[in-house]
Amino acid sequence: MTLTNARELSAFVSRNSNLSETVLGEIMDAVPVAIYMTDAHGRLTYFNPAAAKLSGRSPEIGTDQWCVTWKIFLSDGTPLRDDQCPMAVALTGGEAPAGMECMAERPDGTRFWFTPYPAVLRDAEGRVVGGINVLIDITERKNAHREVSEQFRAIVETTPQCVKVVAPDGTLLFMNPPGLEMLGASCPAAVIGQSVYNVIAPEDQERFRVFNQMICGGKRGSLQFEIVGLKGARRHMETHAAPLQHADGTTVHLAVAHDITERKRAEGSSFLLSAVVDSSDDAIISKDLDGVISSWNKSAERLFGYTGEEAIGQTVASLLIPEDRQEEEPDILARLRRGERVDHFETVRRRKNGSLIDISLTISPVKDLEGAIIGASKIARDITESKRVRAKLMESEARFRQLADSMPQMVWTARPDGSVDYFNERWYEFTGFGRETRGDTNWERILHPEDLQRTRDSWGAAVSSGQPYNVEYRFRDRRENRWRWFIGRALPVRDGTGKVVKWFGTSTDIDEQKRVEDQLRRANQDLEQFAFSASHDLQEPLRSIKIYSELLMKRHAHSLDGEALKFMSFLRNGATRMETLVRDLLTYTQATRFDEPPKVTDANEALKTALANLSGAIGESGAQVTTGPLPSLPVNGTHLQQLFQNLIGNALKYRSPKRPPAVHVEAERQSENWVFSVADNGIGIDPEYKENIFGLFKRLHTSGEYSGTGIGLAICRRIVDRYHGRIWVESEPGRGSIFRFTLPV
Ligand code: ADP
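As a starting point, this report considers the structure included with it. (Residues numbered from 1 in each chain as written. Predicted model: local features only at pLDDT ≥ 70, side-chain atom pairs only at ≥ 80, totals over all residues. Heavy atoms only, no water.)

**Overview of the overall build of the protein chain**
Looking only at helices and strands, the protein chain has 21 helices and 29 strands in total. A compact globule built from 745 residues should have a C-alpha radius of gyration of about 27 Å, whereas the protein chain, at 61 Å, is more than 25% larger. Classification of the 745 residues of the protein chain by burial places 39% in the buried group. Considering only residue pairs separated by 6 or more positions, the protein chain has 50% of its internal contacts joining residues 24 or more positions apart. (Helix = DSSP H or I, 4+ residues; strand = E, 2+ residues; numbered from the N terminus. Rg over C-alpha atoms; globule rule 2.2 N^0.38 Å. Buried < 20%, exposed > 50% of the residue type's maximum accessible area, 1.4 Å probe, protein only. Contact = heavy atoms within 4.5 Å.)

**So, the site of the ligand**
By nearness alone, 21 residues border the ligand, and Asn650, Tyr654, Arg699, Thr709 and Leu713 come closest of all. Within the side chain of aspartate 680, an N or O atom sits 2.9 Å from a nitrogen atom of the ligand. Notes on the ligand: free accessible area 520 Å², of which the protein chains cover 98%. Looking at the shell around the ligand, the elements that each hand over two or more residues are helix H20 (637-653), helix H21 (712-722) and strand E29 (736-744). Among the elements that line the shell around the ligand, the one with the most residues is H20, at three residues. Of the residues in the shell around the ligand, the class split is nine nonpolar, eight polar and four charged. (Near = heavy atom within 4 Å. Polar contact = N/O pair within 3.5 Å; in protein donor to acceptor, adjacent residues only side chain to side chain. Areas by Shrake-Rupley, 256 points an atom, 1.4 Å probe, with all protein chains shown as cover. Nonpolar A, V, L, I, M, F, W, Y, C, P; charged D, E, K, R; others polar.)

**So, the packing of aromatic side chains**
Going through the model one piece at a time under the given rule, you end up with 24 aromatic pairs. Ring geometry for phenylalanine 644 and phenylalanine 676: centres 6.0 Å apart, planes at 70°, overall edge-to-face. In this pair, phenylalanine 644 sits in helix H20 while phenylalanine 676 sits in strand E27 (residues 673-680), placing the two residues 32 residues apart along the sequence. Comparing phenylalanine 644 with phenylalanine 676 shows no difference in burial state: the two are buried. Where phenylalanine 676 meets phenylalanine 741, the ring centres are 5.1 Å apart and the plane angle is 10°; that geometry is what we call stacked. Here phenylalanine 676, found in strand E27, pairs with phenylalanine 741, found in strand E29; they are 65 residues apart in sequence, far enough to count as distant. We note arginine 726 situated over the ring of tryptophan 728; from NZ or CZ to the ring centre the distance is 4.1 Å. (Phe/Tyr/Trp six-rings, centres within 6.5 Å; stacked < 30°, edge-to-face > 60°. Lys NZ or Arg CZ within 6 Å of the ring centre and 35° of its normal.)

**A few points about helix H12 (residues 328-337)**
Residues of H12 that are buried: Glu328, Glu329, Ile332, Leu333 and Leu336. Considered in projection along H12, the buried side chains sweep an arc of 125° and stay on one side of the axis. Of the surrounding secondary structure, the elements contacted by the buried residues of H12 are strand E13 (283-288), helix H11 (316-319), strand E15 (342-350), strand E16 (356-367) and strand E17 (373-382). Glycine 339 sits one or two residues past H12 and shows a positive phi near 85°. (Arc of directions from axis to C-beta.)

**Brief notes about the sheet that holds strand E9 (residues 172-175)**
Read across the open sheet, the five strands follow the order E9-E8-E12-E11-E10; overall the sheet is antiparallel. The two strands at the open ends of the sheet, each matched to only one other strand, are E9 and strand E10 (221-228). Each strand axis lies, on average, 30° off the axis of its neighbour in the sheet, ignoring direction. Two strands pair when backbone bridges link them, and E10 and strand E11 (residues 234-245) are joined in this way by eight bridges, in the antiparallel orientation. Opposite glutamine 224, over in E11, you have glutamate 238 as the bridge partner. Sitting on the sheet, helix H7 (residues 205-216) touches strand E8 (162-166), E10, E11 and strand E12 (251-259), and the angle it makes with E10 is about 140°. (Pairing = 2+ DSSP bridges. Axes fitted to C-alpha atoms, helices over the stretch in contact; angles between N-to-C directions.)

So this is what it looks like as structure tokens:
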């Protein structure tokens, strides 16, 4: 059956509920739920007081249509025309949505939320006779809900943690500003709507995928993972997630995540710290302000002999400090309480076995989070060995100083960087400097200005290369008020790894030596000059003597008697000898007058020239000259040729009458030198004269026995000297001689 109006409804209800129509009418009027009824055209036929109260108005019966309310809006705020209101939809045959939430505005402007429950009333034939609508006031619930979502929004916006919503496929649907900041996103669009995997560390992506599926599958959970922000920064995150019913019916992943990078780092560093403490060679102990030990590492056990269990809970004073040092601990504790640090305090402590040990203590106060001092950490280092080394070092240093002070030279030492850190007594005596002016550059103050830069440069070069230093310079001699020449030498002292740890240097007075050298050089020059001009000037009168004695012989030989002829021949021989002598002397003075740098000379070539010059003597004596392989070397070709010519010439001249001469020339390399040898089978030389023969005019024979001037070997020595070489002879009288000389490679 279908009811047409409230009266019928009341009648129907009263019939079936044993309630009278009047009573039902009274009930409808009294119920606190808004109810109104309309005819088939929607015109209002009834509304109860609750409806009037809710809508804030008294509609006109028979005139107002569809609604009891004044203005209606949908839940999203769009206004709804009266003829589209749920009641109108129901009456005009439409399907009014059940349980929809609407908002209405009262004439006074206030608003309320309600859910309409419209129903169509039909008569027995099924014709629409009217409608009834019940409006349930949901304002309170709505407000409560809005309050909750407001609160939620406030929480999400104010929490410093990252709040995010992730779709099952990984799309980031929402993220609050702190989350965006953690990702380094300048605006929400940079990440929202994108895949969350873009910012998850590659190694954690798979774990996150599984986690996301689990949450979107309706479970709750937590996960630690790393993100790589848009600017590349990595962070450790810890997320707590729950499933969230999304508006479109899907379940998404709501998570609150916080940055645990610092915690991880702290965990890492505290792990590291404990590893360091455990592996340290130093004993590391902590104690409270009463001196009670609270931690004890492995090295403390090794150093003092007590295990951690034995030591922790004991006081440092009772366990480690010897009787005679007990006063140290209160002092240390007092300093710690004042927040002071105790650095490298050297003292003695007692081991478990009673033995004493030299240690160096560094103690620092430990503070709690509020900054209050609650104890101390203490590092104890065994310095028995370093004390011993130091004592030894001091002893050797003292010995060194004693030695250095007794030396006639000035002695100094410098640090690896070249700064002088010690001068011996001699330095202060010489310079008159006070001991406080020791070191660094004060040696420059007495250096000759012309030698300053050169000396500085050499010293700088030695320090940077680690090569020995060797330089001549002048120091001011304050006593004699003049400059004196010194030779400065320094050698680097290296440690086991080859690193320079010190420089050891000396300054030796070479003033006298320099002076003598100078004099000698000058005297030599004078002598050379004299010998050169003397021999040169002698040639002229000699030539006259020779010419006139020959003329005399040629023109007047017939008028001279036997004795006069003999005298004439003496005169001629004498003049010839004199001529040879003068020529040889000239050769001698000029022997080393080559100033240009020597070119490389092939010794074979030099020998060939010498032999060619000697071909007459070789042919006449029937000598055999053999040679070994000869090198090329940086000496003047004429010098080498002169050497060969003199030595081979002598070998032929001083040949044994018993056998034809045999001469052998060869060269052998010995490190930085070539050692040449010219060996003969001649008369040999008495060992007594081995040195003598290299002197000028030194001869072992008269010119009657062997012709000669005694200059040949002197020339040889002069040439070899010029190349800083050596010349000597090995000989056995009667058997032969070997002349050797060295020249540079
Ligand atoms: P000189 O040959 O003109 O006398 P040198 O200076 O060449 O002058 O030689 C000095 C001296 O050394 C010679 O007088 C000779 O007594 C001796 N002497 C040089 N070479 C030989 C040699 N090969 N064998 C023996 N004696 C030598």
